[in-house]
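These are the residues of each chain, in order.
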Amino acid sequence: MNKQIIINGSHNKNGNTTKLIQEIYPEITTLKLIDYTIEIYNYDETYSDKDQFLEIINQILEFDEIIFATPVYWYSMSSLMKIFFDRLTDLIGSQETIGRKLMGKKVRVMTTSIGNHLDDKFFLPFEETMSYMHLEFLGGKHYLKQK
Ligand SMILES: Cc1cc2nc3c(=O)[nH]c(=O)nc-3n(C[C@H](O)[C@H](O)[C@H](O)COP(=O)(O)O)c2cc1C
């Protein structure tokens, strides 16, 4: 059985991304990044006691497949999700032991946006990051907000 977890990168707890997830994946465990404190990456890779990045990673480790769900903010992933992605750097540095446990997991991406102007280029940062970290990228899908 493929256990999936959705990582919701919306800045709006009950916004379009949350509604879309509830509509198409009502059964899947979802974690909202907005509910956590994730400090921005720093080159020392040291963070305050408030930082919850590793808490999120430890939850993700319980699952085989990760679905990143992000609203499109200015043609990109949300800044909250980008902060999370920058912190993945820790997992090839100071937290490499934990990072190795992520290897081989499967990854999908879903977006929500209002404009029908995106193609697969949007997913490049996801695909390349997962390749670099030895996770398996299975593809992405864009969803237009229902009016
Ligand atoms: C800061 C910001 C930037 C946005 N940029 C885009 C964009 O580049 N393309 C687009 O189609 N929609 C854009 N939108 C619209 C959102 O992608 C869309 O409303 C999305 O469904 C919001 O999801 P949320 O409610 O989970 O935040 C933007 C919205 C915001 C708030």
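Refer to the preceding data block for the structure.
This structure is a prediction, so every number in the text was calculated from the model and none was measured. (Residues numbered from 1 in each chain as written. Predicted model: local features only at pLDDT ≥ 70, side-chain atom pairs only at ≥ 80, totals over all residues. Heavy atoms only, no water.)

### A look at the overall build of the chain
Logical step 1: Regarding its fold elements, the chain presents 5 helices and 5 strands.
Logical step 2: In terms of overall dimensions, the chain is globule-like: its C-alpha atoms have a radius of gyration of 15 Å, near the 15 Å expected for 147 residues.
Logical step 3: When the backbone C-alpha atoms are referred to their principal axes, the chain occupies close to 45 × 30 × 30 Å.
Logical step 4: Within the chain, the proportion of its 147 residues that are buried is 42%.
Logical step 5: A sequence separation of at least 24 residues applies to 74% of the contacts in the chain between residues at least 6 apart. (Helix = DSSP H or I, 4+ residues; strand = E, 2+ residues; numbered from the N terminus. Rg over C-alpha atoms; globule rule 2.2 N^0.38 Å. Buried < 20%, exposed > 50% of the residue type's maximum accessible area, 1.4 Å probe, protein only. Contact = heavy atoms within 4.5 Å.)

### Concerning the pattern of salt bridges
Logical step 1: Summed over all chains, the structure comprises 8 salt bridges.
Logical step 2: Residue Arg87 pairs with Asp90 through a salt bridge whose shortest N-O separation is 2.8 Å.
Logical step 3: Since its relative accessible area comes to 2%, Asp90 is described here as buried.
Logical step 4: In this structure, the salt-bridge partner of Glu136 is Lys106, at a minimum N-O distance of 3.0 Å. Of this pair, Glu136 sits in strand S5 (residues 136–144) while Lys106 sits in strand S4 (residues 106–113); the two residues are 30 residues apart in sequence, bridging distant segments of the chain. (Salt bridge = Lys/Arg side-chain N within 4 Å of Asp/Glu carboxyl O.)

### Description of the sheet that holds S5
Logical step 1: Reading across the sheet, the 5 strands line up as S2-S1-S3-S4-S5 and stay open at both edges, with parallel pairing between neighbours. Lying at the two open borders of the sheet, with one neighbouring strand each, are strand S2 (29–32) and S5. Averaged over all neighbouring strand pairs, the angle between strand axes comes to 20°, with direction disregarded.
Logical step 2: Taken strand by strand, helix H1 (residues 16–24) contacts strand S1 (4–8), S2, strand S3 (65–71), S4 and S5, and its axis lies near 120° from that of S4.
Logical step 3: Helix-sheet contacts for helix H3 (residues 79–87) involve S1 and S3, and the interaxial angle to S3 is about 140°. (Pairing = 2+ DSSP bridges. Axes fitted to C-alpha atoms, helices over the stretch in contact; angles between N-to-C directions.)

### Comments concerning the packing of aromatic side chains
Logical step 1: Tallied over the full model, the rule gives 10 aromatic pairs.
Logical step 2: Seen in terms of ring centroids, Phe68 and Phe84 are 6.1 Å apart; in terms of plane orientation they differ by 55°. Their pairing is tilted. Remark: Phe84 occurs in helix H3 and Phe68 occurs in strand S3; sequence separation between them is 16 residues. Taken as a pair, Phe68 and Phe84 share a single burial class, namely buried.
Logical step 3: Between the aromatic rings of Phe122 and Phe123, the centroid separation amounts to 5.5 Å while the plane-to-plane angle is 80°, which identifies the pairing as edge-to-face.
Logical step 4: Assessed through its relative accessible area of 9%, Phe122 is described here as buried.
Logical step 5: Overall, the relative accessible area of 3% leaves Phe123 in the buried class. (Phe/Tyr/Trp six-rings, centres within 6.5 Å; stacked < 30°, edge-to-face > 60°.)

### Observations regarding the pairing of S3
In summary, the side chains of a regular strand alternate between the two faces of the sheet.
Logical step 1: Of all the 7 residues making up S3, 7 are buried; the element is thus mostly covered by neighbouring parts of the structure.
Logical step 2: Here S3 shows two buried faces, one formed by Glu65, Ile67, Ala69 and Pro71 and the other by Ile66, Phe68 and Thr70.
Logical step 3: Alignment of S1 against S3, held across 5 bridges, turns out to be parallel. Looking across to S3, one finds that Ile5 is bridged to Ile66.

### Observations regarding the nonpolar core
Logical step 1: Judged by nonpolar contacts, the single largest core of 33 residues is most densely connected at Ile7, Leu33, Ile57, Phe68, Phe84, Phe85 and Leu88.
Logical step 2: Sorting the residues of this core by element identifies S1, helix H2 (53–60), S3, H3, helix H4 (96–102), S4 and helix H5 (124–132) as the ones contributing at least two each.
Logical step 3: Residues in contact with Ile7, not counting those within four places in the same chain, are Leu31, Leu33, Ile60, Ile66, Ile67, Phe68, Ala69 and Met81.
Logical step 4: Within the second largest apolar cluster, 8 residues are counted, among which are Ile6, Ile67, Ala69 and Tyr143. (Core = buried A, V, L, I, M, F, W, Y, C linked by side-chain atoms within 4.5 Å.)

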